[in-house]
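# Observations on chain architecture
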Amino acid sequence: MAELSDVAADDLEILKAASVYIRSPDGSTGSGYVIAPGFIGTAWHVVESWPAGESFEVMVGMGKTRKTVQARLIPRVDEDADAAVLEVVGGLDVKPLPVASALTRRATWDGYGFPGVANKIEASSGLSLSGYVQDPNTQTDFGHPAVLLFSEQIAAGSATPLHGFSGSPVIVDGALVGHLVKHIGEVDDNRRAAFGYVYACPIARVTALLDAPPKPQAISPTPLRTQRESVKDEAPLGDKEYHVFVSYRSTDRPWAMSLVARMEGAGLKVFIDQKELEPGRYLAEQLEDAMRRSRAAVVLVSRGWLDSPWCNQEQQVLTQRAVEDKAFILVPLRLDKSEMPMLLGTRVWFDFSRETYVDGPIGHDLERLIDTLLRRSAADTLTPQAKAVEAERAMTDKFVASIRIAALGNASAIDEVLADWSKTRSDDTAPLIAAAEAYNGKALFERTLAIFGGTPRTLRVRQLTAFAKRKLGLINEACQEFEALRREGNLDAETGGLLAGTYKARWLESGDAAFMLLAYETYREAYERSGDPFNGINAAAMALQCGDVGKMHEFAGQVLEVLKKQPADKLNHWDKATFGEAYLLKKRMDDARDWYGRAAAAAAGLHQDIAVMRRQARRNLRALGLQDDLMDSVLPVPRVLAYTGHRIDADGRISPRFPMSKVPAVRLTIRKKLQALGAVHGFGGAASGTDLIVLEELANRNLTATVILPFPAEDFASVSVGGGHWKRVYDELRSSSKPSIQFDPPLQDDLPPAQALSEAFRKANEKVQRLAMDYAKRLDEEVIVLVVWDGKPGDGPGGTSDNVELWRFSGAEPIIIDL
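Residues numbered from 1 in each chain as written. Predicted model: local features only at pLDDT ≥ 70, side-chain atom pairs only at ≥ 80, totals over all residues. Heavy atoms only, no water.

### What to know about the sheet that holds strand β1 (residues 19-23)
Either a parallel or an antiparallel arrangement is found when strands of a sheet pair, and the pairing is made through backbone hydrogen bonds. Taken in spatial order, the six strands close into a barrel running β1-β2-β3-β6-β5-β4, and their pairing is antiparallel. With strand direction ignored, the average angle separating the axes of adjacent strands in the sheet is 40°. One ladder, built from five bridges, connects β1 with strand β2 (residues 29-36); its direction is antiparallel. Paired with Tyr 21 across the strands is Ser 31, a residue of β2. (Pairing = 2+ DSSP bridges. Helix = DSSP H or I, 4+ residues; strand = E, 2+ residues; numbered from the N terminus. Axes fitted to C-alpha atoms, helices over the stretch in contact; angles between N-to-C directions.)

This is the structure in structure tokens:
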């Protein structure tokens with residue numbers, strides 16, 4: 001295991017000599033360190049089981065310096081910072097470790113601890129750790145003061161629970177800065193150190209426990225740079241320059257966009273060429289201009305790339321540039337088992353054809369690719385700085401993979417991974433891009449905009465942001481961003497398609513036929529430049545809307561021919577939907593239904609994407625003069641449910657309204673209503689009675705819901721849930737065991753006074769209505785409102801009666817379960 005720091009051998013021996021192995025009476029183990037003559041520092045949770053005043057054996061040092069002594073816990077401890085001090089009975093003639101006075105970010109650190117595997121003091125053995133300081137002044141997830149550290153060794157061994165290292169000393173530049181107390185755990189198993197990040201107790205919190213604290217000494221470590229900082233220092237650019245020009249066939253776009261996200265996340269400025277360029281003016285004026293302003297080029301070689309005459313022409317231009325300009329770096333990447341063409345095969349190239357790379361580049365080969373583009377030598381990759389960058393990229397790999405896995409479930413799983421990512425303070429944007437892609441697929445566009453606040457405005461970030469704005473109805477802002485990208489020469493297949501889609505949205509919103517024609521021309525331009533099936537099928541559909549039936553058939557036929565050449569395992573859900581739409585435009589309805597069904601299966605859980613497919617199919621069917629619901633059965637989208645109703649009666653209520661005796665009947669009625677509705681996504685609250693019954697029924701059927709609380713969860717429980725059965729249901733629904741039920745952040749941070757409660761509930765009801773109606777609009781659905789109500793006027797704002805009136809005012813007629 002390569003270590004990040006170059007700690008001197010003498011320093012390591014000093015660290016070993018001052019390290020302590022601790023075994024508590026309850027059998028738990030930990031580590032410590034000599035902090036002052038006769039005193040040992042450690043984590044409080046390591047020794048909290050020690051009876052007051054009693055002494056126990058600890059082992060100090062390793063090898064020839066090892067000795068076993070008796071130590072007892074001093075009364076003063078710091079539970080918040082997880083710090084404690086042991087006093088050695090009779091003193092200890094071991095030189096204490098010096099204490100650092102200050103700490104800087106990205107400084108390299110070293111540590112020494114004792115894995116919890118030994119049953120006896122004498123049998124224990126130590127292990128050194130190293131890494132860099134990610135944040136010298138932060139807090140744990142419990143809000144306690146801490147130093148955030150990264151360790152490559154811990155990251156590499158993250159499959160194993162981290163035991164025995166609590167209390168391990170951490171030194172920077174030979175001086176103590178703290179001790180290990182807690183790791184950032186996996187979402188599914190918090191015992192495991194998920195990403196190599198650990199918290200340390202600041203050393204000042206330990207020395208504060210001593211009557212005579214040691215005098216701290218100044219340290220001056222050389223901080224490591226982040227990957228983005230390294231790129232900025234090593235390869236500064238002019239305003240109109242690029243680090244790398246990326247050329248590929250549009251059918252390889254998902255893989256290419258993953259590559260771009262990783263390169264941009266690492267700090268490289270990228271020019272994306274998704275065009276299979278036409279000969280003539282465009283090639284001469286735009287491609288050559290982009291290449292002239294790029295210091296390197298990456299070519300993605302695949303079966304589709306080799307079949308394209310435009311890509312082969314582009315290959316000739318790129319290789320000629322590399323021959324004429326020795327400073328220009330040309331790097332081919334092979335994406336499948338195709339033979340490398342002669343002009344590229346003589347160059348150093350990377351093989352990304354293995355299954356490991358199906359979702360994009362990761363690992364050591366990604367590291368080598370970026371090193372090649374930045375002209376780093378083999379010696380450069382062996383420095384502590386290079387090792388830190390490599391470790392950072394490996395950690396980014398894990399986060400990107402974790403976000404993609406989390407995206408298969410509820411959005412809250414993505415939120416949890418991003419919460420861990422934020423703790424790392426990494427400036428690599430690749431995990432944020434992966435999360436934004438997942439959020440956009442789940443129609444959570446507000447979250448995309450939220451996570452990109454303050455993020456560098458790379459091409460991919462701008463594309464995803466503009467897309468989210470378009471979906472949120474911010475058409476003008478989205479259009480301005482896409483048109484800016486177009487002016488900058490970035491009318492690649494994706495940007496061109498998104499710009500055309502924005503014009504299309506303007507047409508659908510305003511009915512202005514000029515925007516319809518503009519959308520058609522933009523889709524057509526992007527398609528004829530690229531041959532990209534996505535733009536091709538949209539150009540065909542817009543041709544239908546504009547009455548250009550000949551072009552509709554021509555483009556749809558061309559798209560089918562391109563997709564038929566793609567390996568079946570390479571087709572994503574959009575490719576399959578494109579098959580379905582092309583067959584629909586050709587009026588081959590059985591084939592259309594088959595491929596739309598495959599697309600829906602591949603997009604399971606991505607309701608927004610399936611809704612887009614269904615909306616487009618309906619629009620095409622109407623334009624063809626056919627019944628517009630012919631594809632609805634194979635493009636299932638959940639219906640949108642807003643639920644509300646009375647709480648269970650409080651003890652002693654004078655006029656019974658919803659007593660416990662009515663719960664079985666109401667539950668059965670709700671269950672039948674939900675069964676009749678099929679798949680739904682719910683919006684509502686979580687009060688005892690109606691809300692919790694609906695949420696339980698949804699969770700039992702693995703259906704999803706978004707819960708809005710007016711104020712913090714515990715306060716809400718005390719006001720609107722109560723105890724006993726309802727509190728158990730409430731807690732279970734909020735736990736990770738019910739991931740389909742998502743609790744949004746409360747509308748306010750504190751419990752309002754009693755006279756303001758009704759207003760708080762009214763605002764929560766309005767938020768539920770806004771969310772449900774917005775979500776329904778995105779899915780082309782109407783909100784179904786389910787109410788458990790006695791039909792009588794309520795007690796004022798925020799109650800069931802008031803909520804019924806709110807929905808009726810919006811035009812909805814609730815389904816009433818009459819109490």
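### Things to note about the nonpolar core
Membership of the largest hydrophobic core comes to 104 residues, with the highest contact counts inside it found for Leu 333 and Met 631. Residues in contact with Met 631, not counting those within four places in the same chain, are Leu 584, Met 589, Ala 592, Arg 593, Tyr 596, Ala 617 and Leu 621. Core analysis: the next-biggest nonpolar cluster, separate from the first, contains 81 residues, Ala 84, Ala 155, Ala 434 and Tyr 439 among them. (Core = buried A, V, L, I, M, F, W, Y, C linked by side-chain atoms within 4.5 Å. Buried < 20%, exposed > 50% of the residue type's maximum accessible area, 1.4 Å probe, protein only. Contact = heavy atoms within 4.5 Å.)

### Re the packing of aromatic side chains
Taken as a whole and judged by the stated rule, the model has 21 aromatic pairs. When the centroid spacing of 4.8 Å and the interplanar angle of 75° are considered together, the rings of Phe 352 and Tyr 357 count as edge-to-face. Here Tyr 357 falls in the buried class, since its relative accessible area comes to 5%. On the numbers, 6.2 Å between centres and 85° between planes, the contact of Tyr 730 with Phe 743 is edge-to-face. Of the two residues, Tyr 730 sits in helix α28 (residues 724-734) while Phe 743 sits in strand β21 (residues 741-743), which places them 13 residues apart along the sequence. With a relative accessible area of 0%, Tyr 730 lands in the buried category. Sitting over the ring of Trp 595, Arg 598 keeps its end group 4.0 Å from the ring centre. (Phe/Tyr/Trp six-rings, centres within 6.5 Å; stacked < 30°, edge-to-face > 60°. Lys NZ or Arg CZ within 6 Å of the ring centre and 35° of its normal.)

### Observations concerning the confidence of the model for the protein
A residue-level look at the protein finds 92% of positions with pLDDT of 70 or above and a mean pLDDT of 86. Here residues 186-190 is a poorly scored stretch, pLDDT under 50, and it has eight contacts once near neighbours within four places are set aside; other chains count. With pLDDT under 50 throughout, residues 274-284 is counted as low confidence; its partners more than four residues away or in other chains account for 41 contacts. (pLDDT = per-residue confidence, 0-100.)

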